[in-house]
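One letter stands for each residue in the lines below.
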Amino acid sequence: MVYMRKAEERGKVNLGWLNSNHSFSFGHYYDVNHMGFSVLRVINDDVVQPGRGFDTHGHKDVEIVSYVVKGALKHKDSAGNEYQVPAGDIQVMSAGRGIMHSEYNASDTEEVNFLQIWILPNQKGGAPTYGQRALAPRGETNPLSSRTLTPDMSLPRTTEAHQDEHGANANVAARQRQLLVSADGRQGSLPIKQDASISSIHLSDGEQFTLHTGPRKGYLHIVRGTLKANIKSELQGISLRQGDGLGIYMNDRLQLDSQGEALALWFDLPNI
């Protein structure tokens, strides 16, 4: 059994300055069958017109992750942080007891496309935090940059390679999969207040990668490209393209076969 979310079936919002596709119920879009997956509550695929954006507004007790696909995002918050987040960077804001922020397209001439992701925390309250890092280019395993809201929350830096679940060549695995967000900030990832992680899966044409859930759940979101997904619990393979989402449950295995270059985000989630 799998949870399938096709790109064309997502909730759609077009405000002129904002064109958004909602993988899960959000705002005025409500579907009782799509309320999130485990602690993953929101994936909004947002395209914002030049010079426009989300005015200052508040959040509390939510981990907000922004992955910029195209263009650049301009972030400003009530804790004094003001950063530009270019394509390929990932940003994490832990709202904690409460924070005000705005997100704008940093360009006056080009659109920005980013994924707005919300994860429910396992700890409420506390001081809000901010972090940002760049994805390493293919073939490298170290983050290019990381910034945090407070000096005492500096992130570890590492060039250590890791193996995939089948113990494949560590260098190949590190090139294909990069840890971006985790509960403990390991391998240079950005920390969040939840027993969950986000990794990028970047495959060239004809490459394969295998993921296991073990006692947990997993969710795959296709950022670009096309993948064939073969799932242990399913009789037939599933074709996935940009914008599609696929959730799998505990003790399952997901083998990905790329058909051209492909990029996806993999969410390792608690079994709740």
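Residues numbered from 1 in each chain as written. Predicted model: local features only at pLDDT ≥ 70, side-chain atom pairs only at ≥ 80, totals over all residues. Heavy atoms only, no water.

(A) Expanded view of the overall build of the chain. Within the chain one finds one helix and 23 strands. For the chain, the exposed surface amounts to about 11,900 Å²; the carbon and sulfur share of it is 47%. (Helix = DSSP H or I, 4+ residues; strand = E, 2+ residues; numbered from the N terminus. Areas by Shrake-Rupley, 256 points an atom, 1.4 Å probe, with all protein chains shown as cover.)

(B) Examining the side chain of Ser 102 more closely. Counting through the fold element by element, Ser 102 comes out in strand S10 (residues 99-105). Classification of Ser 102 by relative accessible area gives buried; the value is 9%. (Buried < 20%, exposed > 50% of the residue type's maximum accessible area, 1.4 Å probe, protein only.)

(C) Looking closely at the sheet that holds strand S17 (residues 208-212). With antiparallel pairing, four strands are arranged side by side in an open sheet as S17-S22-S19-S20. Two strands close off the open sheet at either side, each with one partner strand: S17 and strand S20 (238-241). The average angle at which neighbouring strand axes cross in this sheet is 25°, direction not considered. For S17 and strand S22 (residues 253-258), the ladder comprises five bridges, and the chain directions are antiparallel. Within S22, the position partnered with Thr 210 by the bridge is Gln 255. (Pairing = 2+ DSSP bridges. Axes fitted to C-alpha atoms, helices over the stretch in contact; angles between N-to-C directions.)

(D) Representation of a nonpolar patch on the surface. A contiguous nonpolar surface patch, about 330 Å² in accessible area, is contributed by Tyr 30, Val 32 and Met 35. For Val 32, the location among the structural elements is in the loop between strand S3 (18-22) and strand S4 (40-48). (Patch = residues over 30% accessible without salt bridge, like charges linked within 9 Å, V, L, I, M, F, W, Y side chains within 5 Å. Salt bridge = Lys/Arg side-chain N within 4 Å of Asp/Glu carboxyl O.)

(E) The environment of Leu 254, seen in detail. The topology assignment puts Leu 254 in strand S22. As a C-alpha pair, Leu 254 and Gly 218 span 36 residues in sequence and 9.3 Å in three-dimensional space. Beyond its immediate sequence surroundings of up to four residues, Leu 254 is in contact with Phe 209, Thr 210, Leu 211, Leu 220, Ala 229, Asn 230, Ile 231, Leu 246, Ile 248 and Trp 266. (Contact = heavy atoms within 4.5 Å.)

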